Amino acid sequence: MPKPENTFRELAGVPVHYDRAPNAGYGTRGIPYTFHCTEPFEETLHAAFEELWAVCPLGPAEVITSAGAYVDKSGLHGVGRAFDIDGIFWADRTFITNQYPSGPSFYLAVESVLRKHLGTVLNYKFDAAHQDHFHVSGRGEPGFVPGHESRVLYWQMALTHLFGRPVTVDGLTGPETNGTSRALLRELGIADRDEMTSGAALHRILDRAWDDLLDEAAGRGFRGVADETEKTPLQLLEALYATITDELTGRASRTTIESAVTTFAQHPETDAWLDQFRNES
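Report on the accompanying structure.

**Considering the overall build of the chain**
In step 1: Check the secondary structure of the chain and you find 9 helices and 10 strands.
In step 2: The C-alpha radius of gyration computed for the chain amounts to 20 Å, which stays within 12% of the reference 19 Å derived for 281 residues, consistent with globular compactness.
In step 3: If you line up the chain on its principal axes, its C-alpha atoms span 60 × 55 × 35 Å.
In step 4: Summarising the internal contacts of the chain: among those between residues at least 6 apart in sequence, 60% fall at separations of at least 24.
In step 5: For the chain, the computed accessible surface area is about 13700 Å², with 50% contributed by carbon and sulfur atoms.
In step 6: The positive charge centre, built from 24 side chains, and the negative charge centre, built from 40, are 5 Å apart in the chain.

**What to know about the pairing of strand β6 (residues 63–68)**
In step 1: Among the 6 residues of β6, 5 are classified as buried, and the element is accordingly described as predominantly covered.
In step 2: Strand direction decides the pairing type here: strand β3 (residues 14–18) and β6, joined by 3 bridges, are parallel. By the bridge assignment for β6, H17 is matched with T65.
In step 3: Where β6 and strand β7 (residues 82–89) come together, 5 bridges link them in antiparallel fashion. Residue pairing in the sheet places S66 in a bridge with I85 of β7.

**A look at the nonpolar core**
In step 1: F49, W53, F83, V136, W155 and F222 are the most contacted members of the largest nonpolar core, which has 61 residues in total.
In step 2: Sorting elements by how many residues they give to this core places helix α2 (residues 104–117) first, with 7 residues.

**Topic: the packing of α2 against helix α6 (residues 210–222)**
What describes two packed helices is the angle between their axes and the distance between those same axes.
In step 1: The N-to-C vectors of α2 and α6 enclose an angle of 150°; their axes lie 8 Å apart at closest approach. On the basis of the axis angle, α2 is roughly antiparallel to α6. Between α2 and α6 the crossing geometry is left-handed. Contacts from S105, F106, A109, V110, S112, V113, R115 and K116 of α2 reach α6 at W210, D211, L214, D215, A217, A218, G221 and F222.
In step 2: Of the residues contributing to the contact of α2 with α6, the split by class is 9 nonpolar, 3 polar and 4 charged.

**Notes on the environment of V110**
In step 1: By the secondary structure assignment, V110 is in helix α2.
In step 2: Spatially, the C-alpha atoms of V110 and P166 are 20 Å apart, while their sequence positions differ by 56 residues.
In step 3: When sequence neighbours within four positions are dropped, the list of residues in contact with V110 reads L52, I88, F95, F134 and F222.

**A closer look at unusual backbone geometry**
The general pattern is negative phi for most residues beyond glycine and trans for most peptide bonds.
In step 1: Between A21 and P22 the backbone carries a cis peptide bond, its omega angle lying at 10°.
In step 2: Within the secondary structure layout, P22 lies in the loop between β3 and β4 (31–32).
In step 3: Look at A12: it is not a glycine, yet its phi comes out positive at around 50°.
In step 4: Judged by its relative accessible area of 17%, A12 is buried.

**Describing a negative patch on the surface**
In step 1: Taken together, D127, E149, D170 and E176 make up a surface patch of like negative charges.
In step 2: Residue placement: D170 occurs in the loop between α3 (149–161) and α4 (175–187).
In step 3: On the basis of relative accessibility, which here comes to 36%, the residue D170 falls in the partly exposed class.

**Some words on the pairing of strand β10 (residues 134–137)**
Along a regular strand, successive side chains alternate from one face of the sheet to the other.
In step 1: Neither face of β10 is left uncovered, since the one carrying F134 and V136 and the one carrying H135 and S137 both have all their residues buried.
In step 2: Across 4 bridges, β7 lies against β10 in antiparallel orientation. Looking across to β10, one finds that A82 is bridged to S137.

**Concerning the packing of α2 against α3**
In step 1: Contact pair α2 / α3: the axes reach a minimum separation of 10 Å and the direction vectors enclose 135°. Here α3 runs oblique to α2, going by the angle between their axes. Crossing geometry of α2 relative to α3 is assigned as left-handed. Across from P104, S105, L108, E111, S112 and R115 in α2, the residues of α3 making contact are S150, R151, Y154, M157, A158 and H161.

**What about the environment of E216?**
In step 1: By the secondary structure assignment, E216 is in helix α6.
In step 2: A relative accessible area of 29% places E216 in the partly exposed class.

**With respect to the packing of aromatic side chains**
In step 1: Taken as a whole and judged by the stated rule, the model has 19 aromatic pairs.
In step 2: Ring centres of Y18 and Y33 lie 4.9 Å apart, and the angle between their planes is 25°; this geometry places the pair in the stacked category. Taken as a pair, Y18 in strand β3 and Y33 in the loop between β4 and β5 (35–36) lie far apart in primary sequence, 15 residues in all.
In step 3: Site record: aromatic cluster; members linked through ring pairs are F49, W53, W90, F95, Y100, F106, Y107, Y124, F134 and F222.
In step 4: Sitting above the plane of the F106 ring, R93 keeps its charged end 3.9 Å from the centroid.

Conventions and cut-offs
Residues numbered from 1 in each chain as written. Predicted model: local features only at pLDDT ≥ 70, side-chain atom pairs only at ≥ 80, totals over all residues. Heavy atoms only, no water. Helix = DSSP H or I, 4+ residues; strand = E, 2+ residues; numbered from the N terminus. Rg over C-alpha atoms; globule rule 2.2 N^0.38 Å. Contact = heavy atoms within 4.5 Å. Areas by Shrake-Rupley, 256 points an atom, 1.4 Å probe, with all protein chains shown as cover. Lys, Arg positive; Asp, Glu negative; His and termini not counted. Charge placed at Lys NZ, Arg CZ, Asp CG, Glu CD. Buried < 20%, exposed > 50% of the residue type's maximum accessible area, 1.4 Å probe, protein only. Pairing = 2+ DSSP bridges. Core = buried A, V, L, I, M, F, W, Y, C linked by side-chain atoms within 4.5 Å. Axes fitted to C-alpha atoms, helices over the stretch in contact; angles between N-to-C directions. Parallel < 35°, antiparallel > 145°, perpendicular 65-115°, else oblique. Left-handed = near helix turned anticlockwise from the far one by under 90°. Nonpolar A, V, L, I, M, F, W, Y, C, P; charged D, E, K, R; others polar. Patch = residues over 30% accessible without salt bridge, like charges linked within 9 Å, V, L, I, M, F, W, Y side chains within 5 Å. Salt bridge = Lys/Arg side-chain N within 4 Å of Asp/Glu carboxyl O. Phe/Tyr/Trp six-rings, centres within 6.5 Å; stacked < 30°, edge-to-face > 60°. Lys NZ or Arg CZ within 6 Å of the ring centre and 35° of its normal.

Below, the structure written as C-alpha cells:
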C-alpha cells in the first residue's frame, strides 16, 4: 500500500517525537519527526489524547514519543491505521511504557483512556514484543469482547490493580474473571445479580457499560497523581520487589534474583543508608 499523504507532527497540541535508533534512544524525549497515517485515524488519535489531557491531573504533556505510525509492512501499520506509543513526558513526570511493573495504576489509567477511542490496544501483557510500547490501531470498535485476548487482559489487569480485585491475568474469561466482574458490577450499581446469571449476559453488560467502566478505571489510576512526590530509594526498592513478583512468579530465576537484591538491600552499609528514608515515613 502507498504511504498515506496525510501527516502529523503533534497530537492534541503536543509534539510527537521519534525515539528509536539510529537517531534517538528509547526512553528519551526523541527527536521531532513527521508521521504518516490516514486522516480519519489521525482524528481518532487527536480525540484520544485530548481526553487524556483533560482527565489526567497533570494536564497536557510536553512530548509524546513513538516508534512509528505508517511502516512499509503488512498489517494496519502498512495502511496508516496504527500507531506505537513509547512514552509521554510531562514537566514533572515521565511515563515510559516498559515501566508497567513498577507503576501499573498510572499505566492502566492511560490505557483506559486510549481504549475509549481505539478498538485495538496491545499492552505490556499481550506479548514480549509489546512490553515497550502501546500498539493502538483502528481495528474494531471500542468495547468489551470476551473473545479478544487483548481486551480481556486489560480488564483483568484493571480488576487487579485499579479495582482491588486480583484475578489471574491470562486473557481468558473463565469463572474467576466472570465472578469477579459480577461482584464489581454489583458494587458499582451497574447491574443486579439476576441480570448476570449467564456468561453471555455478563459480557453484554460489560460491553454496554464499557465507557463508564473505563472512566472509573482512569479516575482510580490517576487518583493522587498530582500530589505525588519523587520516589525515595526505599520506595524504588519496594517497586523492584513488586516487579520481581509480577514478572518472575513461577520461574526458576525468581529465587536467585530476589536473593541477590535482598543481599544488597540487607548489607550493613546499604541498610544504614536506607534508614534515613525509613525515618521519613
